[in-house]
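Understanding the architecture of this molecule
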Amino acid sequence: MDWEKINCYVLKKQHLINKCNNIVKCVEDIAGLNSITATTPYLSLFNRIKDFKKSMLDEEMYEKKRLYRLRLMRSTLFIVTRNFLPIAYSATIDRTQKRLSGRWKDYKLSEKEFGRLKDEIIAVLGKGEKTAVEIRKEMETNVSISLILRLLMEDVPLLRGRPLGTWKGEQFRYSLLPQNIKLRMNKEKAKILLVEKFLESFGPANLKDMAWWGGFSQRESKKILEEIKTIDIGDDLLLLEREAEDFENFKVGEESLLLMSGCDQYVITYKYSMYPRFVNQEYLKKIYGGYGELHNPIIRNGRIIGRWYIKEGKIGYLLYEKIDNKTKLNQKIGEMKKFHGESYF
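Remember, predicted model here, so these are calculated numbers, not experimental data. (Residues numbered from 1 in each chain as written. Predicted model: local features only at pLDDT ≥ 70, side-chain atom pairs only at ≥ 80, totals over all residues. Heavy atoms only, no water.)

Quick notes on the overall build of the protein
Looking only at helices and strands, the protein has 15 helices and twelve strands in total. Computed over C-alpha atoms, the radius of gyration of the protein comes to 21 Å, within 12% of the 20 Å expected from 2.2 N^0.38 for 345 residues, which places it in the range of a compact globule. Each of the three principal axes of the protein carries a C-alpha extent, and together these read 60 × 50 × 35 Å. Every one of the 345 residues in the protein was classed for burial, and the buried ones make up 52%. Looking at the protein alone, contacts between residues at least 24 apart form 63% of all its contacts between residues at least 6 apart. Looking at the protein, you have 62 positive and 47 negative side-chain charges, and the mean spots of the two groups are 4 Å apart. (Helix = DSSP H or I, 4+ residues; strand = E, 2+ residues; numbered from the N terminus. Rg over C-alpha atoms; globule rule 2.2 N^0.38 Å. Buried < 20%, exposed > 50% of the residue type's maximum accessible area, 1.4 Å probe, protein only. Contact = heavy atoms within 4.5 Å. Lys, Arg positive; Asp, Glu negative; His and termini not counted. Charge placed at Lys NZ, Arg CZ, Asp CG, Glu CD.)

Structure, rendered in structure tokens:
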């Protein structure tokens, strides 16, 4: 397989070759931003938006309110557009709630106690957004509200809002989804649209990665695919039929080099095809940390060639593949350091 062509084709779809001018359009095109950590969405947009500043995402989320952060695919936090929200929510809510069922027992709560706490939290948030500490204070309870909120985000459409402190803060405010936001649609139609969106944003891709990304079983994914016109370009890689000509005519351009978050959608989406898609088998173990997390990768033409990290106030790197001229790499490191800000170091 011509992995360089395949990966660069996806880079183009993901606005990682030609940057976008519009944050909302970008987030719509790439099927949302993974927001599993506080910094991930900012780093993702840093690589995709021209002259991106952290305040630009904050403005769209907290002032213009055109982007929303809540638990969707795989019960993971995503930042999505208003258009994509009902698709992602309706397609995944059944599995999310099934996953939630009975989990309140893990926190030594009865179903009745969990229901009471849920109603009280919703009532408190009905007055406006609050942190877990503020919610707990108003409720006058000793129960760990943070744990309850974690469950509630998988049960009701709670939004995770602006963090306290800086963009790296992990203590967030919570709020209810505005009532004027459309949230639900036909679930079967939503599943079709979600899988179609996956292929539009990440194809060519295989069934296993597709199923994992959406939180579906492979069996259910096969059934959904029966409603979508696709082609197999080889090695069970599926592409939307309407993109066949565009892919056929696509040419790899000049070399691209990116320093990315290990939680960026571009890399974690292909969980079951890291090899051979991104790395040779000899480097497969090197791209992961001790807890199975993906190191922040250095990406050249869509392939992982090394990793970058911050240690003792400096950005360092470890290369798996040789770079003859490190001028571009050093330039990217300088840009990343500037984006993080001197105060970070």
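A short note on the state of the cysteines
Inspection of every chain in the model, using the stated rule, returns zero disulfides. With no disulfide of its own, Cys26 lies closest to Cys20 among cysteine sulfurs, the gap being 5.2 Å. Assessed through its relative accessible area of 0%, Cys26 is described here as buried. No disulfide involves Cys263; its sulfur sits 17 Å from that of Cys26, the nearest cysteine. In this structure Cys263 comes out as partly exposed when scored by relative accessible area, which is 23%. (Disulfide = S-S within 2.5 Å.)

Some remarks on the pairing of strand β3 (residues 77-81)
When you tally the buried positions in β3, you get five out of five residues, the bulk of the element. The side-chain alternation of β3 yields two buried faces, one formed by Leu77, Ile79 and Thr81 and the other by Phe78 and Val80. Bridge count between strand β1 (residues 33-34) and β3: two bridges; the pairing is antiparallel. Looking at β3, one finds that Leu33 is bridged to Ile79. For strand β2 (residues 67-71) and β3, the ladder comprises five bridges, and the chain directions are antiparallel. Its bridge partner lying in β3, Arg69 is registered against Ile79. Hairpin remark: β2 followed by β3, antiparallel, with five residues in the connecting loop; positive phi at Arg74, about 60°. (Pairing = 2+ DSSP bridges.)

Focus: the sheet that holds β1
Ordered in space as β1-β3-β2, the three strands form an open sheet in which the pairing is antiparallel. In the strand order of this sheet, the two ends are held by β1 and β2, each with one partner. Helix α4 (residues 54-63) rests against β2 and β3 of the sheet, and its axis sits at about 80° to β2. (Axes fitted to C-alpha atoms, helices over the stretch in contact; angles between N-to-C directions.)

Focus: unusual backbone geometry
For the bond running from Gly203 to Pro204, omega is 10°, close enough to zero to count as cis. The omega torsion of the bond from Tyr275 to Pro276 falls at 10°, within 30 degrees of zero and hence cis. Along the chain, Pro276 falls in helix α14 (residues 274-277). One non-glycine residue, Asp51, adopts positive backbone phi at about 50°. As for its position among the elements, Asp51 is in the loop between α3 (40-46) and α4. Judged by its relative accessible area of 67%, Asp51 falls in the exposed class.

Focus on the sheet that holds strand β12 (residues 314-319)
Reading across the sheet, the four strands line up as β9-β10-β11-β12 and stay open at both edges, with antiparallel pairing between neighbours. Of all strands in the sheet, those with a lone pairing partner are β9 (257-259) and β12, marking the two edges. With direction set aside, neighbouring strand axes in the sheet form an average angle of 25°. Direction of pairing for β9 relative to strand β10 (residues 297-300): antiparallel, over a ladder of three bridges.

Some remarks on helix α11 (residues 218-225)
Given 3.6 residues to a turn, an α-helix orients residues that are three or four positions apart in the same direction. When α11 is considered as a whole, its buried residues turn out to be Ser221, Ile224 and Leu225. Seen end-on, α11 carries its buried residues on one side only, within an arc spanning 100°. Of the residues in α11, the exposed ones pointing more than 90 degrees away from the buried face are Arg219, Lys222 and Lys223. Those residues of α11 that are buried lie in contact with α9 (187-202), α10 (207-214), β7 (230-232) and β8 (238-240). (Arc of directions from axis to C-beta.)

Regarding the pattern of salt bridges
Where charged atoms from two side chains of opposite charge approach closely, those side chains can pair. In total, this model carries 19 salt bridges according to the counting rule given. A salt bridge links Arg242 to Glu200, with the shortest nitrogen-to-oxygen separation between them at 3.0 Å. Here Glu200 lies in helix α9 and Arg242 lies in the loop between β8 and α12 (244-249), a separation of 42 residues in the sequence. Among the residues examined, Arg242 registers a relative accessible area of 53% and is labelled exposed. Residues joined by salt bridges that share partners form a network here, namely Glu59, Glu60, Lys64 and Arg66. (Salt bridge = Lys/Arg side-chain N within 4 Å of Asp/Glu carboxyl O.)

Notes on the packing of helix α7 (residues 132-139) against helix α8 (residues 145-152)
Relative to each other, α7 and α8 sit at 110°, their axes nearing to 9 Å. Put simply, α7 runs roughly perpendicular to α8. Between α7 and α8, the contacting residues are Ala132, Ile135, Arg136 and Met139 on the first element and Ile145, Ser146 and Leu149 on the second. Considering only residue class, the contact of α7 with α8 consists of five nonpolar, one polar and one charged. (Parallel < 35°, antiparallel > 145°, perpendicular 65-115°, else oblique. Nonpolar A, V, L, I, M, F, W, Y, C, P; charged D, E, K, R; others polar.)

What about α8?
Every buried residue of α8 is accounted for by Ile145, Ile148, Leu149, Leu151 and Leu152. Down the axis of α8, the buried set is contained in an arc of 160°. They therefore lie on one face.

Just distances and angles here, no functional claims.
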